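Fold and contact review
So the chains spell out like this:
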Amino acid sequence: MRIKTMLASIAAVCLLTACEDLFEDGSMQPDGSSPSLTIKNPTQNQTITPTQGLQVYITVVDKDEVDNINFSVQSPGAESPLVDFDMMPHKTVVEFDTLMSLEGIVPGSYTLKITAKDKRTNLSEKEISFTVQ
């Protein structure tokens, strides 16, 4: 009986010491380690047509898990984004590849803004300008 109690105590100590947030009072404050955000597509100043659509291919890596990724497309001077959506992967490595429809968007210059946040509220943000013909 004594061995079972001792093994249970050791297991409990191991589990609790592995949970860093318990010993930090559950603090979800930024820890200085922002997510690594890489935009592979589109490239800066790329020209596309509305029928092609906007191919978006990104990679986000973070040791604390990626909690939220926001994608928005905005034209200069506009008050609200033309396209705005979030994904919540809850993974440490995220590869995302999608094709955004641009049907109905008028020719001009636009900005794709991507914001990645980890579960400790660290942020990374990148913007890419592109042109619709």
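An account of the accompanying structure is given in this report. Only a predicted model underlies this, so the values are computations on that prediction, with no experimental measurement involved.

Here the structure, examined in full by the defined rule, presents three salt bridges. A salt bridge links Glu-125 to Lys-113, with the nearest nitrogen and oxygen atoms 3.8 Å apart. Placement of Glu-125 in strand β7 (residues 123–132) and of Lys-113 in strand β6 (residues 108–118) is noted, with a sequence separation of twelve residues between them. Take Lys-113: its relative accessible area is 28%, and that puts it in the partly exposed class.

This next bit is on the pairing of strand β3 (residues 54–74). Two strands pair when backbone bridges link them, and strand β1 (residues 36–41) and β3 are joined in this way by five bridges, in the antiparallel orientation. In the sheet register, Leu-37 faces β3, and the bridge partner there is Val-60. Relative to strand β5 (residues 91–100), β3 is paired through nine bridges, and the arrangement is antiparallel. Residue pairing for β5: Tyr-57 is matched across the bridge by Asp-97.

What the rule picks out here adds up to four aromatic pairs. Arranged with centres 4.7 Å apart and planes meeting at 15 degrees, the rings of Phe-71 and Phe-85 form a pair that is stacked. Of the two residues, Phe-71 is situated in strand β3 and Phe-85 in strand β4 (residues 83–87); the sequence distance between them amounts to 14 residues. When its relative accessible area of 0% is taken as the criterion, Phe-71 is described as buried. Seen from their ring centres, Phe-85 and Phe-96 are 6.4 Å apart, and the 50 degrees between their planes marks the pair as tilted. On the criterion of sequence distance, the pair formed by Phe-85 in strand β4 and Phe-96 in strand β5 is long-range, its members being eleven residues apart. Each member of the aromatic cluster is reached from another via a ring pair, and the members are Phe-71, Phe-85 and Phe-96.

The next thing to look at is the environment of Ile-69. By the secondary structure assignment, Ile-69 is in strand β3. On the basis of relative accessibility, which here comes to 0%, the residue Ile-69 falls in the buried class. Sequence separation between Ile-69 and Glu-125 is 56 residues; the distance between their C-alpha atoms is 9.7 Å. Leaving out residues up to four positions away in the same chain, Ile-69 has contacts with Ile-58, Val-60, Phe-85, Asp-86, Met-87, Pro-89, Val-94, Ile-114, Thr-115 and Ala-116.

We now examine the nonpolar core. Judged by nonpolar contacts, the single largest core of 25 residues is most densely connected at Ile-58, Ile-69, Phe-71, Ile-114 and Phe-130. Elements with a minimum of two residues in this core: β1, β3, β4, β5, β6 and β7. No other element matches the eight residues that β3 contributes to this core. Ignoring any residue separated from it by four or fewer positions in sequence, one finds Ile-114 in contact with Leu-37, Ile-39, Val-56, Ile-58, Ile-69, Asn-70, Phe-71, Ser-124, Glu-125 and Lys-126.

The rules we used
Residues numbered from 1 in each chain as written. Predicted model: local features only at pLDDT ≥ 70, side-chain atom pairs only at ≥ 80, totals over all residues. Heavy atoms only, no water. Salt bridge = Lys/Arg side-chain N within 4 Å of Asp/Glu carboxyl O. Helix = DSSP H or I, 4+ residues; strand = E, 2+ residues; numbered from the N terminus. Buried < 20%, exposed > 50% of the residue type's maximum accessible area, 1.4 Å probe, protein only. Pairing = 2+ DSSP bridges. Phe/Tyr/Trp six-rings, centres within 6.5 Å; stacked < 30°, edge-to-face > 60°. Contact = heavy atoms within 4.5 Å. Core = buried A, V, L, I, M, F, W, Y, C linked by side-chain atoms within 4.5 Å.

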